[in-house]
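Below, each chain spelled out in residue letters.
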Amino acid sequence: MKISLGPILYFWERNTIYDFYEQIARTPVDVVYLGETVCAKRRQLSLGDWLDLAYTLSSRGKQVILSTLTLIEAESELSQLRKICQNGDFLVEANDMSAVQLLSEQAIPFVAGPFINIYNAQTLRLLVKQGLQRWVMPVELSRQTLDQILLEANKLGIADQFETEVFSYGRLPLAFSARCFTARAYNIPKDSCEFICSRHPDGMPLQSQEGDDVFTINGIQTQSGSRYNLLPQLTAMRSLGVDIVRLSPESSGMEDIIQQFHKARQSGVEILEVSSDSCNGYWFQRAGMENCYNN
Amino acid sequence: MELVCPAGNFPSLKAAVTHGADAVYLGFKDETNARNFSGLNFNDIKLDKSLAYARDRNVKVYIAINTYPQPSAWHKWQYAIDKAVDLGVNAVIVADIGVMAYAAEKYPDLNLHLSVQGSATNHAALQFYQQQFNIKRAVIPRVLSLPQIGRLTQTSPVDLEVFAFGSLCIMAEGRCHLSSYITGESPNMCGVCSPAKSVSWKNNGDVLESRLNNVLIDRYHEDEHAGYPTLCKGRFEVNGNTFHALEEPTSLNTLSVLPQLHEIGVKALKIEGRQRSPAYIALVVRVWREALDSYRREPELFSERAAWQLALHKVSEGSQTTLGAYSRPWQ
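About the criteria used
- Residues numbered from 1 in each chain as written.
- Chains lettered and ligands numbered in written order.
- Predicted model: local features only at pLDDT ≥ 70, side-chain atom pairs only at ≥ 80, totals over all residues.
- Helix = DSSP H or I, 4+ residues; strand = E, 2+ residues; numbered from the N terminus.
- Rg over C-alpha atoms; globule rule 2.2 N^0.38 Å.
- Buried ≥ 20, exposed ≤ 12 C-beta atoms within 10 Å, placed from the backbone.
- Contact = placed C-beta atoms within 7 Å.
- Nonpolar A, V, L, I, M, F, W, Y, C, P; charged D, E, K, R; others polar.
- Pairing = 2+ DSSP bridges.
- Axes fitted to C-alpha atoms, helices over the stretch in contact; angles between N-to-C directions.
- Parallel < 35°, antiparallel > 145°, perpendicular 65-115°, else oblique.
- Domains from an automatic or database assignment.
- Expected span 1.5 Å × (residues − 1).
- Arc of directions from axis to C-beta.
- Left-handed = near helix turned anticlockwise from the far one by under 90°.

Comments concerning the overall build of chain B
Next, step 1: Each helix and strand counted, chain B has 11 helices and 16 strands in total.
Next, step 2: Its C-alpha radius of gyration of 20 Å places chain B within 12% of the 20 Å reference for a compact globule of 331 residues.
Next, step 3: With the principal axes as the frame, chain B shows a C-alpha extent of 60 × 55 × 40 Å.
Next, step 4: Relative to its 331 residues, chain B shows a buried fraction of 54%.
Next, step 5: Excluding contacts between residues fewer than 6 apart, the proportion of contacts in chain B whose partners are at least 24 apart in sequence is 63%.

Written out as structure tokens, the structure is:
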């Protein structure tokens, strides 16, 4: 089973990004997704910079995938997307159907990111025909649904034509909007945001009036308030046929998290203890925020 | 521009047809559509009656089959498509790629409209659905500004329908899991958002509390209007402030930009609200019919009448309306 590192979802300064991937290069992560997937205004690295980083990580043994923007509204965003799709060297993670279109019309294989709505094997079959090589399951789907989708894929004769990746650690990306909620929290217009989200390298907590963590604000993206953690499910995932587990970058402690997943996959020993403030409800077909390990 | 109106049941359908809808959209009584609320939607007997009623008055009927099937219930979506074809509806409104593949292959003459849940916000995404499934129209998520929609009508391979009036989703539709994170049920999977069965109300002293699956969504003092606890419209704490951190309870109202919507090439206007009462549908459809007719007769002289806005304000969420993404006051 492979471990992947998802794209950085937050606004980090340029040097922070380089330092982060220098650390990541030394970890046992197998796959690294690079690029901006949340906000088109965040351009601390150019496409050329991302590509340089991709070559470096690739030379250090990582499979590198270029991730694309999720909500694409403007022509400028489409033309940037086109450049990423035509990079020629690296596989691309499509996070919008526009990317699927641009890649499939050129017969370029692709990864379908978690916001490509794949809820059944019939959808997988059509996208496999268009060049899908790997899919990241939508985060709200459960173990049971994944099992059924893969069984159906087997019946349709496509099960050996794609890899399955599951978001397994970090704050879950839950929604996208045209609005910037970080700018809203600071009461400033989106157009003059001055990248105020850089003050929140792990997003801004949004709590209920009783102090419960509900969501996390990250610009135009809304994430879960708790961290999703499927570390104790590695064995179950492997037996279902999951090929890759995805860990989502955070500003600190990532090396430790990677080591935990790496040790678990090597030893095959079931890990039952995870932090009580994490969540896993989606995996068990419950509300996403729930923690079912203690049940 | 075609006026596309909601029908959650037969009385609402009658109200929409009587007051000037060009088309009505409705759903079957199960999770195949995105308004899978108890007491709503159409069983077989009501369907025959409703279709006959609309057809006799030259009003088109669209069936929304716009949620995402999971494998255990895949047959329900297949059956829904088959049934829509049997009924001879004018179009089905679909979101799932697997369902579209099934419909396009089995019924190549069936008109497919891409649901707003399909989340296509640019011409490349629209091209995908047009080339793969020959969709004829797409309903555009409420995230684009008027100029962006104007550019999209120029490049889109299909006609565009936009939301004109009603409850306002602030997230890109089809890409929002907030509801399932809190309650286990979402628009994509179950056809519901912030489902009624997860709602609870409690008086705590002189404060009324609304909760979803026990998560506090808002607190209302006696002088405040208490709204339905839709997740994205709750009052939360961010950075030490308590406020509507995502959006205020408000409705979309585009009446003031009706001429612009026509000029930029929008082909159909959608009224939201299959969960609303027949009286609401009658009022809203009547106002929009009058406005559209008035614009058609004398486009240069069109101006919104105070009486129209007054009527629409009265039925709007929190008695507030906004142009939302069309004007982008937050930009």
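Points about the interface of chain B and chain A
Next, step 1: Facing 53 residues of chain B, the contacting portion of chain A comprises 54 residues.
Next, step 2: When residues of the side of chain B that touches chain A are traced back to their parent elements, those giving at least two are helix H4 (97-106), helix H5 (123-133), helix H6 (146-155), strand E8 (171-176), helix H7 (178-183), helix H8 (187-190), strand E11 (215-220) and strand E12 (236-238) of chain B.
Next, step 3: Its residues placed into classes, the side of chain B that touches chain A shows 29 nonpolar, 18 polar and 6 charged.
Next, step 4: Inspection of the sheet shows strand E7 (residues 163-177) of chain A paired to E8(B) by 2 bridges, in the antiparallel sense. Its bridge partner lying in E8(B), A:Ser177 is registered against B:Met171.

Concerning unusual backbone geometry
Next, step 1: One non-glycine residue, A:Ala107, lies in the positive phi region at around 60°.
Next, step 2: Residue placement: A:Ala107 occurs in the loop between helix H4 (97-104) and strand E5 (110-112).
Next, step 3: The phi angle at B:Asn239 is positive, at roughly 55°, despite the residue not being glycine.
Next, step 4: You can see B:Asn239 is positioned in the loop between E12 and strand E13 (241-243).
Next, step 5: Taking the C-beta count within 10 Å as the criterion, B:Asn239 has 15 such neighbours and is therefore assigned partly exposed.

Some remarks on the packing of helix H5 (residues 121-130) of chain A against H4(B)
Next, step 1: The N-to-C vectors of H5(A) and H4(B) enclose an angle of 80°; their axes lie 7 Å apart at closest approach. Looking at the two axes, H5(A) sits roughly perpendicular to H4(B). For the pair H5(A) and H4(B), the contacting residues are A:Gln122, A:Thr123, A:Leu126 and A:Leu127 in the first and B:Ile97, B:Gly98, B:Ala101 and B:Tyr102 in the second.
Next, step 2: Classifying every residue of the contact of H5(A) with H4(B) by side-chain character gives 5 nonpolar, 3 polar and no charged.

Quick word on the domain arrangement of chain B
All names here are of chain B.
Next, step 1: Assigned domains within chain B: domain 1 (2-168 + 251-326) and domain 2 (178-243).
Next, step 2: Between domain 1 and domain 2, the C-alpha centre-to-centre distance is 27 Å.
Next, step 3: Contacts between domain 1 and domain 2 engage 12 residues on the former and 9 residues on the latter.
Next, step 4: Classifying every residue of the side of domain 1 that touches domain 2 by side-chain character gives 3 nonpolar, 6 polar and 3 charged.

Focus on the sheet that holds strand E10 (residues 207-212) of chain B
Sheet strands associate in pairs through backbone hydrogen bonding, adopting either a parallel or an antiparallel arrangement.
All names here are of chain B.
Next, step 1: Strand order in this open sheet of 3 strands is E9-E10-E11, and the pairing throughout is antiparallel. The sheet is open, and its two edges are formed by strand E9 (199-204) and E11, each paired on a single side. The sheet shows a mean angle of 25° between the axes of neighbouring strands, direction not considered.

Side note on helix H10 (residues 278-297) of chain B
Because the α-helix completes a turn every 3.6 residues, residues three or four places apart line up on one side.
Residues and elements named next belong to chain B.
Next, step 1: Across its 20 residues, H10 extends 28 Å between first and last C-alpha, which sits within 8% of the 28 Å expected from 1.5 Å per residue.
Next, step 2: Buried within H10 we find Ile281, Val284, Val285, Val287, Trp288, Ala291 and Leu292. Mapping the buried residues of H10 onto a view down its axis gives an arc of 160°, with all of them on the same face. Facing away from the buried surface of H10 by more than 90 degrees, the exposed residues are Ala279, Asp293 and Arg297.

Section: the packing of H4(A) against H5(B)
Two numbers describe a pair of packed helices, the interaxial angle and the distance between the axes.
Next, step 1: At a minimum axis distance of 7 Å, the contact between H4(A) and H5(B) shows a crossing angle of 65°. On the basis of their axis angle, the class for H4(A) and H5(B) is roughly perpendicular. In terms of crossing hand, the pair formed by H4(A) and H5(B) is left-handed. In this structure, H4(A) uses A:Met97, A:Ser98, A:Val100, A:Gln101 and A:Leu102 to contact H5(B), whose residues at the interface are B:Ala124, B:Ala125, B:Gln127 and B:Phe128.
Next, step 2: A class-by-class count of the residues in the contact of H4(A) with H5(B) yields 6 nonpolar, 3 polar and no charged.

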